[in-house]
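Chain and residue survey
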Amino acid sequence: MMKKNWKTLMLTGTMILGMGLFTAGCGSSTTSSTTNSAEKEYVVGTDASYAPFEAMNSEKIEGFDIDVLSAAAEAGGFKVTFKNTPWDGIFLTLKNGERDIVASAVTITDERKKEFDFSDPYFDATQMIVSKKGKEFKTLNDLKDKKIAVQNATTGDEVVSKLLGQDNPNIKRFENMPLALLELKNGGVDAAVGDNGVVLEYVKSNGNGDFVTAVDSGFATENYGFALKKGNTELQKKLNDGIKKIKDSGKLDEINKKYGFKK
Amino acid sequence: MITVRNLHKSFGQLEVLKGVDCEIREGEVVCVIGPSGSGKSTFLRCLNRLEEITSGEVSVFGTNIADPKVNLNLIRTEVGMVFQRFNLFPHMSVLDNITLAPGKVRKVDKESAKKQALELLRKVGLSDKAHAFPNQLSGGQQQRVAIARALAMNPKVLLFDEPTSALDPEMVGEVLDVMKALAKEGMTMVVVTHEMGFAREVGDRVLFMDQGYIMEEGKPEQLFGNPQNERTQNFLSKVL
Amino acid sequence: MLSNIRWDALSQYFPLFLKGIVTTVEITVISVLIGVILGLFAGMGRLSVHWYARLVPNLYVGFFRGTPLFVQILLIHFAVLPAIFGKTPPAMVSGIVALSLNAGAYIAEIFRAGIQSIDRGQMEAARSLGMSQGQAMFNIILPQAVRRMLPPLGNEAIMLLKDSSLLAAISLPEVTYYAKLMAGKTYLAWEPYLTIALMYLVLTLVLARLVKFLERKYGTV
């Protein structure tokens, strides 16, 4: 009796795994619908929970990345449309062709470059530690035995994972930055680590003076770029062309100024 | 022992008992007969307040149980009841069915409760079924266990609600025999029944109920032999 | 075709999945146990003849059955518990609170249905012997009701096991959390999600077996 059940179980498991492998094998060949007419509109994935870079303003997605990419597209002569896409899985939408571009404050890293192509950088960022006033942490070393909130699979996550070890339970990963920062605000963690632009925006708009921010001297400067599916050189060229044009024309400086970023 | 005065019982808009008066005396066997829907079961269930009493007075051993403040559990230990569908506890053995209430309510110790239960089982002719479960018994056997269960509380009066109506015909006799034996011992009994033979043979008094009233009452030979009320005559002509 | 699966990545993260699945099982077992206790009281409360005894259980069951578990988790972890304790409790605490409360609401309905499915004559027989409402409930009604409740309780446990995956959102390191971690780090989808899907499947099949076994052992009377 028992034996038969285990057989059924294994059979079921194998079937599902088999189905998976089959579809996985096919997956790579079914996503080339991106080359269409001249009026092709590129679909841009962005996680609109990352003010001021991207956030929902009622029904509309707004923010720095949206302004930059829209300007670059206009200058480069192509069309884009933005789709709110949760960060968890945002890169998978590139892989399976659901999105053509990810514009979501993505730091260009060597790790990511193995999997995706990037446009030229359009913004300089750095990681920032944020903690509560009175329980302040200024350097990465201060955080060694502390509970830290990050957004899953961000550069902040990477930095903290490197420090504490990837499976350290003191790292609390959240789906988006607002939740990670809320956890800090409610006292569930001692600090949070994330991109400076977002952290500063949050501190500005949430209980001014309750939080302390710091940049560890070990944090490297990071560059944001637009991520593309590996090998999509045609779009990469268009993007770089557009970015160059708005850099030259001063449009990018203008957008930076609009959001209060230093040059 | 039990005195009922102007008992009314309504279910919502429907008035089932419309003013019932009667007296049950110690040692008496009172049979209640009547067509279905006459209110006889409801009347019986008011005697231990399984049905809430709408108005009137039901005095049991001098306590008016219509009073909402009365300790019903105490009264019910003295008033046993046997149901049409036996209502044995299916998850317990016959022995546990009988000893549960004495143990939990009367706080009788396990040993004497068991001793008494075996004695009662002998009395109803089921000594060999102490460890059986209800679903292993025939209907007649189940009902005899139910009688033993009620007797285990040493009640002063036993209420029977159509105790043989759910039985196959060949099992009716064994249950009636047990009831007859009880009557002979002097147990006070109120029996709602369709068994006219039993009512005539065992009953000290017979109540005929119809349309929420006791239409006629009297000694069996009188009520069966020479009914006065037209409805009684009508009913008896159909069932006899 | 097998070459498409990144076994190297999978083997690197598999220990984390094992760690995660243990947490998943732990949190499910604890929540079901607490849920049964909550459900017993809420279910009986809902059967009370007194409106004031029904009020709180009705509101409780109505709320937790009428709102998404995911919303309950976020509400409890980020708002309710911080408001009560002054700071966010560990995710494990919030997770158990949220899942137990949710399970309790569904189990209350299972208890209610189970109790109501018992023939009225059982209660009448017990009361006619002089037992109190409580004595009758615990000695007569509940033992019979629990047998009938085993299958729906088993289903609830299976639901809860699956729904515990939502706790990844509050960074509770159960198995889905680690799958998301792997997906985020490796940009792979099949490997983490299919693996944990199979892990859940094995657990739910085992649970279903267990329920069947219990059903046969203590089955209908």
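Predicted model only: the values in this text are computed from it and were never measured.

Brief notes about the packing of aromatic side chains
Applying the stated criterion to the full structure yields 27 aromatic pairs over all chains. When the centroid spacing of 5.9 Å and the interplanar angle of 80° are considered together, the rings of Trp-51 of chain C and Tyr-52 of chain C count as edge-to-face. The pair formed by Trp-51 of chain C and Tyr-52 of chain C is uniform in burial state, with each residue classed as exposed. On the basis of an interplanar angle of 75° and a centroid distance of 5.5 Å, the ring pair of Tyr-177 of chain C and Tyr-178 of chain C is categorised as edge-to-face. Its relative accessible area of 4% is what places Tyr-178 of chain C among the buried residues. Taken together, the ring pairs in this structure connect Tyr-50, Phe-53, Phe-64, Tyr-122, Phe-123, Tyr-224, Phe-226, Tyr-259 and Phe-261 of chain A into an aromatic cluster. Just above the ring of Phe-89 of chain B sits the side chain of Arg-149 of chain B; from NZ or CZ to the centre is 4.5 Å. In this structure, Lys-156 of chain B packs its charged tip against the face of Phe-61 of chain B, placed 5.1 Å from the ring centre.

A few points about the side chain of Glu-174 of chain C
Residue and element names in this part refer to chain C. Along the chain, the position of Glu-174 falls in the loop between helix 6 (133-163) and helix 7 (175-186). With no salt bridge to any partner, buried Glu-174 finds its closest opposite charge in Lys-180, at an N-O distance of 7.8 Å. Looking at Glu-174, its side chain comes within polar contact range of the main-chain nitrogen of Tyr-177, at 2.9 Å.

Topic: the interface of chain C and chain A
When the parts of a complex come together, some accessible area is lost, and that lost area is often used as the size of the interface. Taken together, the contact between chain C and chain A spans 36 residues of the former and 36 residues of the latter. In total, chain C and chain A occlude about 3,200 Å² of area from one another, counting both sides; carbon and sulfur atoms represent 63% of this. Summed over the three residues of chain C that lose the most area to chain A, namely Phe-78, Lys-185 and Tyr-187 of chain C, the buried surface amounts to 23% of that side. Remark: the boundary between chain C and chain A carries three salt bridges. Close ionic contact of Asp-157 of chain A with Lys-185 of chain C constitutes a salt bridge, the shortest N to O distance being 2.9 Å. Our count for the contact surface shared by chain C and chain A stands at 13 residue pairs in polar contact (both at pLDDT 80 or more).

A closer look at the state of the cysteines
All names here are of chain B. Under the criterion given, the structure shown has zero disulfides over all chains. The cysteine Cys-22 is free of any disulfide, with Cys-46 supplying the nearest cysteine sulfur at 11 Å. When its relative accessible area of 5% is taken as the criterion, Cys-22 is described as buried.

A look at the nonpolar core
Core analysis: the biggest nonpolar cluster contains 126 residues, and Ile-101 of chain A together with Phe-43 of chain B have the highest contact counts within it. The biggest single contributor to this core is helix 4 (residues 91-116) of chain C, with eleven residues. What Ile-101 of chain A contacts, discounting residues up to four positions off in sequence, is Tyr-42, Val-43, Val-44, Gly-45, Leu-69, Val-80, Leu-94, Phe-226, Ala-227, Leu-228, Leu-235 and Leu-239 of chain A. If you look at the next biggest cluster of nonpolar residues, it comprises 48 residues, including Leu-126, Leu-137, Ala-150 and Phe-235 of chain B.

Structural notes on the UniProt feature "domain: ABC transporter" (unreviewed entry) in chain B
Taking the UniProt record as the reference, the feature "domain: ABC transporter" (unreviewed entry) is found at residues 2-236 of chain B. Secondary structure within residues 2-236 of chain B divides into 37% helix and 26% strand; the distance between the first and last C-alpha atoms comes to 27 Å.

Structural notes on the interface of chain B and chain C
With 23 residues of chain B in contact, the opposing surface of chain C contributes 20 residues. Summing both partners gives a buried area of about 1,800 Å² for chain B against chain C, and 59% of it is carried by carbon and sulfur. The interface formed by chain B and chain C holds one salt bridge in total. Among the ionic pairs, Glu-124 of chain C bridges to Arg-45 of chain B, the shortest N-O distance being 2.5 Å. At the boundary of chain B with chain C, the tally comes to seven residue pairs in polar contact (both at pLDDT 80 or more). When residues of the side of chain B that touches chain C are traced back to their parent elements, those giving at least two are helix 2 (72-78), strand 6 (79-82), helix 3 (94-104) and helix 5 (139-151) of chain B. Among the residues making up the side of chain B that touches chain C, the classes are represented as 13 nonpolar, five polar and five charged.

Focus: the side chain of Thr-24 of chain C
Residues and elements named next belong to chain C. Along the chain, Thr-24 turns up in helix 1 (residues 7-46). Since its relative accessible area comes to 0%, Thr-24 is described here as buried. Thr-24 has contacts with Leu-161, Ser-164, Glu-174, Val-175 and Tyr-200, leaving out every residue within four places of it along the chain.

Describing the pairing of strand 10 (residues 148-151) of chain A
All names here are of chain A. Judged by which residues are buried, strand 10 turns out to be covered on both faces: Ile-148 and Val-150 on one side and Ala-149 and Gln-151 on the other are all buried. Summarising the sheet, strand 10 and strand 11 (residues 171-174) pair through four bridges and their orientation is parallel. By the bridge assignment, Val-150 is partnered in strand 11 with Arg-173.

Some thoughts on the arrangement of the chains
The chain pair with the greatest number of contacts, out of two pairs of chains in contact, is formed by chains A and C. Here chain A and chain B are not in contact; the least distance found between their C-alpha atoms is 29 Å.

Considerations on the confidence of the model for chain C
The share of residues in chain C with pLDDT of 70 or more is 97%, and the mean pLDDT across the chain is 93. Model confidence for the complex: the whole-complex pTM is 0.81, and ipTM, which rates the interface, is 0.93.

Observations concerning the UniProt feature "domain: ABC transmembrane type-1" (unreviewed entry) in chain C
Here, the residues flagged by UniProt with the feature "domain: ABC transmembrane type-1" (unreviewed entry) are residues 21-211 of chain C. Across residues 21-211 of chain C, the secondary structure splits into 83% helix and 0% strand, with the terminal C-alpha atoms separated by 20 Å.

A closer look at helix 6 (residues 177-185) of chain A
Along an α-helix, a turn takes 3.6 residues, which lines up residues three or four apart on a common side. All names here are of chain A. Within the span of helix 6, buried status applies to Met-177, Leu-179, Ala-180, Leu-181, Glu-183 and Leu-184. The residue sitting at the N-terminus of helix 6 and contributing the capping side-chain oxygen is Asn-176; that oxygen lies 3.0 Å from the backbone nitrogen of Leu-179. A positive phi of about 85° marks Gly-187, the residue just after helix 6.

Thoughts on the sheet that holds strand 3 (residues 29-33) of chain B
All names here are of chain B. Spatially, the six strands line up as an open sheet ordered 6-7-8-3-9-10, and their pairing is mixed. Of all the strands in the sheet, just strand 6 and strand 10 (213-218) have a single pairing partner and so form its edges. Put simply, the sheet's adjacent strands are angled 20° from each other on average, direction ignored. Across the sheet, helix 9 (residues 230-239) is in contact with strand 3, strand 9 (205-210) and strand 10; its angle to strand 9 comes to roughly 100°.

So, empty space enclosed by the protein
Within the structure shown, the criterion is met by five cavities of 30 Å³ or more. The calculated volume of the largest cavity comes to roughly 100 Å³. In terms of lining, the largest cavity is formed by 13 residues, of which the most central are Trp-87, Asp-88 and Gly-89 of chain A together with Ala-183 and Gly-184 of chain C. For the lining of the largest cavity, a count of residues per class yields eight nonpolar, three polar and two charged. In this structure, the second largest cavity encloses a volume near 70 Å³.

What counts and how
Residues numbered from 1 in each chain as written. Chains lettered and ligands numbered in written order. Predicted model: local features only at pLDDT ≥ 70, side-chain atom pairs only at ≥ 80, totals over all residues. Heavy atoms only, no water. Phe/Tyr/Trp six-rings, centres within 6.5 Å; stacked < 30°, edge-to-face > 60°. Buried < 20%, exposed > 50% of the residue type's maximum accessible area, 1.4 Å probe, protein only. Lys NZ or Arg CZ within 6 Å of the ring centre and 35° of its normal. Helix = DSSP H or I, 4+ residues; strand = E, 2+ residues; numbered from the N terminus. Lys, Arg positive; Asp, Glu negative; His and termini not counted. Salt bridge = Lys/Arg side-chain N within 4 Å of Asp/Glu carboxyl O. Polar contact = N/O pair within 3.5 Å; in protein donor to acceptor, adjacent residues only side chain to side chain. Contact = heavy atoms within 4.5 Å. Buried area = accessible area lost by both parts, 1.4 Å probe. Disulfide = S-S within 2.5 Å. Core = buried A, V, L, I, M, F, W, Y, C linked by side-chain atoms within 4.5 Å. UniProt positions renumbered as here; feature names shortened; annotations may be inferred. Nonpolar A, V, L, I, M, F, W, Y, C, P; charged D, E, K, R; others polar. Pairing = 2+ DSSP bridges. pLDDT = per-residue confidence, 0-100. Axes fitted to C-alpha atoms, helices over the stretch in contact; angles between N-to-C directions. 1 Å grid on protein atoms, 1.4 Å probe; cavity = no way out; pocket = protein on both sides within 12 Å on 5 of 7 lines; lining within 4 Å. Points joined across faces, edges and corners; volume = space filled by probe spheres on them.

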